[in-house]
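Here is how the chains run, residue by residue.
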Protein chains: 2
Amino acid sequence: MEKFEINILGCGSAVPTPFHNPASQVINFRDHLYMIDCGEGTQSMMRRMGLKFSRLRHIFISHMHGDHCLGLPGILSTMGLLEVGGHINVYVPRQGLDIMERTIRFFCRDEEPEIHIIPIDGASTLLDTPSLTVRAIPLYHRVEAYGFIFSEKPKSRHINGEMIRYLNVPIRDLPAIREGADWTAPDGTIYPNSRLTSPPDPSRSYAYCSDTVYNPAVAKAVGPVDLLYHEATYTSDLAERAIARGHSTAAQAAAIAKEAGAKALLIGHYSKRYRDTEPLRAEAAEIFPDVTAATESMTIRL
Amino acid sequence: MEKFEINILGCGSAVPTPFHNPASQVINFRDHLYMIDCGEGTQSMMRRMGLKFSRLRHIFISHMHGDHCLGLPGILSTMGLLEVGGHINVYVPRQGLDIMERTIRFFCRDEEPEIHIIPIDGASTLLDTPSLTVRAIPLYHRVEAYGFIFSEKPKSRHINGEMIRYLNVPIRDLPAIREGADWTAPDGTIYPNSRLTSPPDPSRSYAYCSDTVYNPAVAKAVGPVDLLYHEATYTSDLAERAIARGHSTAAQAAAIAKEAGAKALLIGHYSKRYRDTEPLRAEAAEIFPDVTAATESMTIRL
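Overview of the structure. (Residues numbered from 1 in each chain as written. Chains lettered and ligands numbered in written order. Predicted model: local features only at pLDDT ≥ 70, side-chain atom pairs only at ≥ 80, totals over all residues. Heavy atoms only, no water.)

### Regarding the overall build of chain A
On a plain count of helices and strands, chain A comes out with 11 helices and 18 strands. If one aligns the C-alpha atoms of chain A with their principal axes, the spans along those axes are about 75 × 50 × 35 Å. Here chain A, with 302 residues, has 59% of them falling under the buried criterion. At a minimum sequence separation of 6, the contacts of chain A that also span at least 24 residues come to 64%. As displayed, chain A offers around 12500 Å² of accessible surface, 49% of which is attributable to carbon and sulfur atoms. (Helix = DSSP H or I, 4+ residues; strand = E, 2+ residues; numbered from the N terminus. Buried < 20%, exposed > 50% of the residue type's maximum accessible area, 1.4 Å probe, protein only. Contact = heavy atoms within 4.5 Å. Areas by Shrake-Rupley, 256 points an atom, 1.4 Å probe, with all protein chains shown as cover.)

### Observations regarding the relation of the copies chain B and chain A
Mapping chain B onto chain A is achieved by rotating through 180 degrees and translating by 0.1 Å along the same axis, at an RMSD of 0.1 Å. Here the symmetry operator amounts to a two-fold rotation axis. The overlap is high: 100% of the interface residues of chain B also sit at the interface in chain A, so the same surface is used on both sides. (Least-squares fit on C-alpha atoms with pLDDT ≥ 70 in both.)

### Some points on the environment of A:Pro289
Residue and element names in this part refer to chain A. Tracing the sequence through the fold places proline 289 in the loop between α11 (278-285) and β17 (291-293). Accessibility expressed as a relative area gives 73% for proline 289, which makes it exposed. Taking the C-alpha atoms as reference points, proline 289 and alanine 254, separated by 35 residues in sequence, lie 8.8 Å from one another.

### A closer look at the side chain of B:His63
Residues and elements named next belong to chain B. In this fold, histidine 63 is placed in the loop between β4 (56-60) and α2 (66-69). At 2.9 Å, the side chain of histidine 63 forms a polar contact with the side chain of serine 62. Among residues more than four places away in sequence, those in contact with histidine 63 are Asp37, His68, Cys69, Pro93, His141, Val143, Glu144, Ala145, Ser210 and Asp211. (Polar contact = N/O pair within 3.5 Å; in protein donor to acceptor, adjacent residues only side chain to side chain.)

### Section: the sheet that holds strand β9 (residues 146-152) of chain A
Residue and element names in this part refer to chain A. With mixed pairing, seven strands are arranged side by side in an open sheet as β7-β8-β9-β14-β15-β16-β17. Of all strands in the sheet, those bounded by a partner on one side alone are β7 (124-128) and β17. Put simply, the sheet's adjacent strands are angled 20 degrees from each other on average, direction ignored. One ladder, built from four bridges, connects strand β15 (residues 227-231) with strand β16 (residues 265-268); its direction is parallel. Opposite histidine 230, over in β16, you have isoleucine 267 as the bridge partner. On the sheet, helix α10 (residues 250-260) packs against β15 and β16 and is oriented at approximately 150 degrees with respect to β15. Here α11 sits on the sheet and contacts β16 and β17; the angle it forms with β17, its principal contact strand, is near 165 degrees. (Pairing = 2+ DSSP bridges. Axes fitted to C-alpha atoms, helices over the stretch in contact; angles between N-to-C directions.)

### Points about the packing of aromatic side chains
Evaluation of the coordinates by the stated rule reveals 16 aromatic pairs over all chains. Taken together, a centroid distance of 6.0 Å and an interplanar angle of 75 degrees make the contact between A:Tyr34 and A:Phe150 edge-to-face. Taken together, the residues span a long stretch of sequence, with A:Tyr34 in strand β3 (residues 32-38) and A:Phe150 in strand β9 at a distance of 116 residues. Assessed through its relative accessible area of 0%, A:Phe150 is described here as buried. When the ring of B:Phe60 is compared with that of B:Tyr91, the centres are 4.5 Å apart and the planes differ by 10 degrees; the resulting orientation is stacked. A residue pair is termed long-range when its members are at least 10 positions apart, and B:Phe60 in strand β4 and B:Tyr91 in strand β5 (residues 87-93) qualify at 31 residues. The same class applies to B:Phe60 as to B:Tyr91, namely buried. Each residue in the set A:Tyr34, A:Phe60, A:Tyr91, A:Phe148 and A:Phe150 is aromatic and connected to the rest through ring pairs, giving one cluster. The ring of A:Phe106 carries A:Arg109 above its face, with NZ or CZ at 5.0 Å from the centroid. (Phe/Tyr/Trp six-rings, centres within 6.5 Å; stacked < 30°, edge-to-face > 60°. Lys NZ or Arg CZ within 6 Å of the ring centre and 35° of its normal.)

### A look at the sheet that holds strand β7 (residues 124-128) of chain B
Residues and elements named next belong to chain B. Strands sit in the order β7-β8-β9-β14-β15-β16-β17 across an open sheet of seven strands; the sheet is mixed. Each edge of the sheet is formed by a strand with only one pairing partner; in this case those strands are β7 and β17 (291-293). Strand-to-strand, the axes of this sheet are offset by a mean angle of 20 degrees, without reference to chain direction. Here helix α11 (residues 278-285) sits on the sheet and contacts β16 (264-268) and β17; the angle it forms with β17, its principal contact strand, is near 165 degrees.

Shown next, in the form of structure tokens:
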């Protein structure tokens, strides 16, 4: 299957610790890189994880708190120094447009890559390519915040090469067959598509939800994705603090995964008090079976 | 002797590498912390090196290139979250005042620490305490840039306790004796200061010069400091590139140390091409005897 990987560059929260970096992930979809959030030090983690700046063309910022976006001017300026060329799209909540625009224009004076700063205005489709869509969904934090859903588009059926060669099917007919058409031979025989192809690979999807308080509306917007990354800043004994700070507990992250019908859950955005993330993972696993606690440098293949 | 230590948090240059962080140093002078430059990830290095945010009250920014200042909003925002209280002075070149002010006000919404942003306007004394002065000197880079000189003030002479007790010198006379006065006993005998005290500890000084092209004016402004940190971005085979980019070679850093009459030289701000910094150190050592190549987490005691 084509590459669809989630790379964890940082899964800590606002206050830095020696164990975690601030928020950042890079989605590798068919060797194109898409970044979600860009905390301080993200450019350095790109290097450490061997992710190529030249393949990065889209950066999505969930909200304008420093631990999610303060690495942005630095990475863009580095891409200028490295002469990666071309252009890069940076999607930021409307609230952050002015300050990000000013900061980026001050620090990134190279002509390339051309930096396009695109506001996110409510639930919307941010990117729509022949193979992928990226949508923004509202989250519920102390400031305007968005989750992102990466959905692979439905794929073509697999051609049964042996059968195609045996029947001498002309190449010009293959695109239609890949999309499910039957094939009529020169002698008028109709070959049903099921004999010429096998089913396509499933279309995969990934959702990123950080930062947010628990809200069932998030589960509804996310739906049955293959993998849900959901913030789990605290264990349930700090549920009140979670509400006060606009965050979720590990149990609430698991509840969202369950309500959404997600296949697997990845948690992160740990408060600095958790040196060991196992209590967070264990708490979520009581509610939802397939839970992984994110760590820096982790790569998950969908 | 009282503490006067230089902590290296980052000694790389603009493009991040897995081996170096962008520029930042913390001077520990009698357990008060003074930061010079604050590249991305500096707050995380503070934690890693066990340097306390609550002891940091002054941050000096040499110039407004991202690798010297993009960690500033993050560290200030973290100090708010950690509730360190009080106030903090941030000194930035006039050129960067507007953008830094806007960025800091956007990301740092806590009432404490109160953040004072102070413009640096040419060669000037930025800080003058009873024990320390910090001066800005002009550097010669592509943008307005400053070096900083930390000078310990002359100290009092050491009291010879045995003699003082033997002569029954009253406590009220000690301050004058510490400053060098002779002492007249009740019987009229004059005791010369040299019998009552020994010479004070030497006053130490440290200069930070990064980023700059080679310019003899820098040596003149620095003078005979105990330790000079000078950027050494390239080896001499790249001398032309150094000029074009507003940087110095290792040989030029050594020449400045020699011309200034510095006691020792510390080099840093290495271009990403030097995985091993020994060629830079060796080049400088041919011109100036006491050269150290900075590395992250290094602490140098003056």
